[in-house]
Amino acid sequence: MIYLGIDTSNSPLALALIEDGVVLIEETANLKINHSLTAMPAIEEMMKKAKVLPADLTHIAVAEGPGSYTGVRIGLTIAKTLAWSLKIPLHSVSSLKVLAANGQGFDGLVCPIMDARRGTAFIGLYEGTGLKSVLADQHSDVKEFLLKAKELGRPVLFTGIDAALHEALIVEVLGRAAHFSSIQNRLPRASNLILLAQQSEESDVHHAVPEYRRITEAEANYNKAQEGQIL
Amino acid sequence: MSKDIYVLGIETSCDETAASIVKNGTEIISNIVASQIESHKRFGGVVPEIASRHHVEQITLVIEEAMQLAGMEPDQLDAVAVTEGPGLVGALLIGVNAAKAFAFAHQLPLVGVHHIAGHIYANRLEQEMEFPLLALVISGGHTELIYMKEHGDFTVIGETRDDAAGEAYDKVARTLNLPYPGGPHIDRLAHTSDEAVMFPRIWLEEGSYDFSFSGLKSSVLNYMHNAAQRGEQVVPERVAAGFQNSVVEVVTGKTMRAAEEYKARQVIAAGGVAANKGLRNSLDAAFKQKGIPFHIPSLPLCTDNAAMIAAAGTVMYEKGLYGNMAMNGRPGMPLTSWI
Ligand SMILES: Nc1ncnc2c1ncn2[C@@H]1O[C@H](COP(=O)(O)OP(=O)(O)O)[C@@H](O)[C@H]1O
Ligand SMILES: [Mg+2]
């Protein structure tokens, strides 16, 4: 069995191949390059290095978001098309959970964070042991979320490259309960994605869609206008 | 006898998710289009983020339907052709990445097609092209006159300097409180009126094949505004007819003059606005009188579809013009010749 893992849900590009419990190759680039341009060449190159042919793949694992809308769509489009046309199962996994896996084993909670501008983030809270979700993946005001995390009264390990952006606020709210993963553990790893996929159910290929965790601006404005009319 | 060529076409440049299989660049085997018009209607136009969201939801379904309807497996295909540009960047890259993944999975050649080249080659699915050829591409995003000496040789001899014709139709329709997209409604209203408001004809400099529709659109808006100030009742049918007369006269006039100057042996029209009855009748009559063969593809081939991308892609495939895994959506892609 050979799993291909693809995470393009934020600026890093994470890819891996795992064959029967052995990591054949794993790549993580943090170069802010356009996934639409580089994801497929990187997959092609990586598979060539590992001497794995497309027809050898047995499963596809993909990070389904939240994250950059465009980034998530690129990964999902590639993963869906590969899985459907090769007639193999697709597993989609939360992009935040993939990041949280970097904190596996931490004695406390793990908080993956992806900045979403204007003081907000895509953010979630997981158990350090077993990665059970404690606070669901969401788009939230960072401070509000941190206050909820604080109420739980447990140490929290922050991960994700955007943890740095919010470090001051995190320390302000959580004080000594705040911990930060070291820099190599802030990037998503596609090997983690695949391991999570192996514990998850198969997704329906055609109906697998990004988990944006946020409606579009056009819809938000439209809803606001509708409410205005009703009042 | 040479072997038949089967190409899978994929198009996601705007608000239709489409896939098609075409044989030898001339024969449609399957042609699937999932339109999103209903989702964008309430916003009065295409919302790019919503378009992208729909594309990713539909893409594999649409390709599967095209393959199933054709009764084909990937290994029976010769190439995958996809719209590389121009269009909405977030929309384009869904089709491009699906095409790349599909081509990679089955080790097929990948061909990136210009959307307008696709619109022109839609004609070849109904009638063989004759060169020199003049194409009028007239849609929501484009208004262009393109001269072709032979296959894959494109010279843009005229284009809009501001709004595309369809865009002008949609904007005028909005001021008349007609639903989106307004083009067909204006067309319908124009045909129910015996009288028409007189609006200017925008010909630009003498000899120019370029178009401009924003001035005409402003005249219509001014007319509406002045009538409202004077408390006069506007007759929408007369406004629609007046606007349409101006568009039709200028577009027919320029297309005709270009066909004569470039000695076209065939003139074709393509794009959503080519569905316009007033324009079709006018072009038909004008070219019949001159004895120049004129063709407009049937409606499903005028609007965005993937069969046209497969048709153009087949000729590119035959010329060995392959793309690779580094292909990206190109929102501002220029129309360049293949030779
Ligand atoms: N009968 C018609 N008369 C005028 N315009 C029309 C008619 N039917 C469709 N349109 C216009 O065609 C445009 C859509 O065409 P399409 O080829 O899908 O455009 P694009 O792909 O460039 O967005 C819209 O602007 C619509 O109003
Ligand atoms: Mg079009």
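Before reading on, note that the structure itself is shown above.
Here we summarise the structure given alongside this text. These numbers were taken from a predicted model, which means no experiment stands behind them. (Residues numbered from 1 in each chain as written. Chains lettered and ligands numbered in written order. Predicted model: local features only at pLDDT ≥ 70, side-chain atom pairs only at ≥ 80, totals over all residues. Heavy atoms only, no water.)

Examining the interface of chain A and chain B
(1) Moving on: In this assembly, 36 residues from chain A lie in contact with 32 residues from chain B.
(2) Moving on: Summing both partners gives a buried area of about 3000 Å² for chain A against chain B, and 67% of it is carried by carbon and sulfur.
(3) Moving on: On the chain A side of the contact with chain B, A:R73, A:W84 and A:H206 bury the most area, a combined 19% of that side's loss.
(4) Moving on: Of all elements in the fold, only helix 1 (35-49), helix 2 (69-86) and helix 7 (217-230) of chain A reach the threshold of two or more residues within the side of chain A that touches chain B.
(5) Moving on: Per-element tally for the side of chain A that touches chain B: the top contributor is helix 2 of chain A, with 13 residues.
(6) Moving on: In terms of residue class, the side of chain A that touches chain B is made up of 20 nonpolar, ten polar and six charged. (Contact = heavy atoms within 4.5 Å. Buried area = accessible area lost by both parts, 1.4 Å probe. Helix = DSSP H or I, 4+ residues; strand = E, 2+ residues; numbered from the N terminus. Nonpolar A, V, L, I, M, F, W, Y, C, P; charged D, E, K, R; others polar.)

Describing the packing of helix 1 of chain A against helix 2 of chain A
Residues and elements named next belong to chain A.
(1) Moving on: In the contact formed by helix 1 and helix 2, the axes pass within 10 Å of each other and the chain directions differ by 35°. Handedness of the crossing formed by helix 1 with helix 2: right-handed. Counted together, H35, S36, A39, M40 and I43 of helix 1 and G71, I74 and I78 of helix 2 form the full contact between these two elements.
(2) Moving on: Each residue belonging to the contact of helix 1 with helix 2 can be placed in one class, and the counts come to five nonpolar, three polar and no charged. (Axes fitted to C-alpha atoms, helices over the stretch in contact; angles between N-to-C directions. Left-handed = near helix turned anticlockwise from the far one by under 90°.)

A word on the sheet that holds strand 2 (residues 13-19) of chain A
Residue and element names in this part refer to chain A.
(1) Moving on: Strand order in this open sheet of five strands is 3-2-1-4-5, and the pairing throughout is mixed. Looking at the sheet topology across the chains shown, the edges are occupied by strand 3 (22-29) and strand 5 (90-93). Shown here is a sheet whose adjacent strand axes are inclined to one another by a mean of 15°, direction ignored.
(2) Moving on: Here strand 2 runs beside strand 3; their pairing, made up of seven bridges, is antiparallel. Residue pairing across strands places L17 opposite I25, the latter belonging to strand 3.
(3) Moving on: Running over the sheet, helix 1 touches strand 1 (2-7), strand 2 and strand 3 and is turned about 25° from strand 2.
(4) Moving on: Contacts from helix 6 (residues 190-199) reach strand 1, strand 2, strand 3, strand 4 (59-63) and strand 5 within the one sheet, and its direction differs from that of strand 2 by about 55°. (Pairing = 2+ DSSP bridges.)

Overview of the site of ligand 1
Residues and elements named next belong to chain B.
(1) Moving on: As a matter of local geometry, ligand 1 sits amid 17 residues, with S139, G141, D170, N276 and D304 nearest to it.
(2) Moving on: Contacts to ligand 1 include G166, whose backbone N or O atom sits 3.2 Å from an oxygen atom.
(3) Moving on: N276 has a polar side-chain atom sitting 2.8 Å from a nitrogen atom of ligand 1.
(4) Moving on: A total of 580 Å² of accessible area belongs to ligand 1 in isolation, and the protein chains cover 86% of it.
(5) Moving on: Where the shell around ligand 1 is concerned, the elements lending two or more residues are helix 5 (165-175) and helix 6 (183-190). (Near = heavy atom within 4 Å. Polar contact = N/O pair within 3.5 Å; in protein donor to acceptor, adjacent residues only side chain to side chain. Areas by Shrake-Rupley, 256 points an atom, 1.4 Å probe, with all protein chains shown as cover.)

Concerning the pairing of strand 7 (residues 143-148) of chain B
Residue and element names in this part refer to chain B.
(1) Moving on: In terms of burial, strand 7 is a largely internal element, six of the six residues being buried.
(2) Moving on: Residue alternation in strand 7 divides its side chains into two sets, T143, L145 and Y147 and E144, I146 and M148, and both sets are buried.
(3) Moving on: Here strand 6 (residues 133-138) pairs with strand 7 via six bridges, running antiparallel. Residue V137 lies in a different strand from strand 7, and its bridge partner there is E144.
(4) Moving on: In textbook terms, the turn of a hairpin is the stretch between consecutive antiparallel strands, and for strand 6 and strand 7 this stretch comprises four residues.
(5) Moving on: Taken together, the four bridges between strand 7 and strand 8 (residues 155-159) define a ladder with antiparallel strand orientation. Along strand 8, the bridge assignment pairs I146 with V156.
(6) Moving on: With antiparallel pairing between neighbouring strands as the criterion, strand 7 and strand 8 make up a hairpin whose turn holds six residues, including G152 at a positive phi of roughly 75°. (Buried < 20%, exposed > 50% of the residue type's maximum accessible area, 1.4 Å probe, protein only.)

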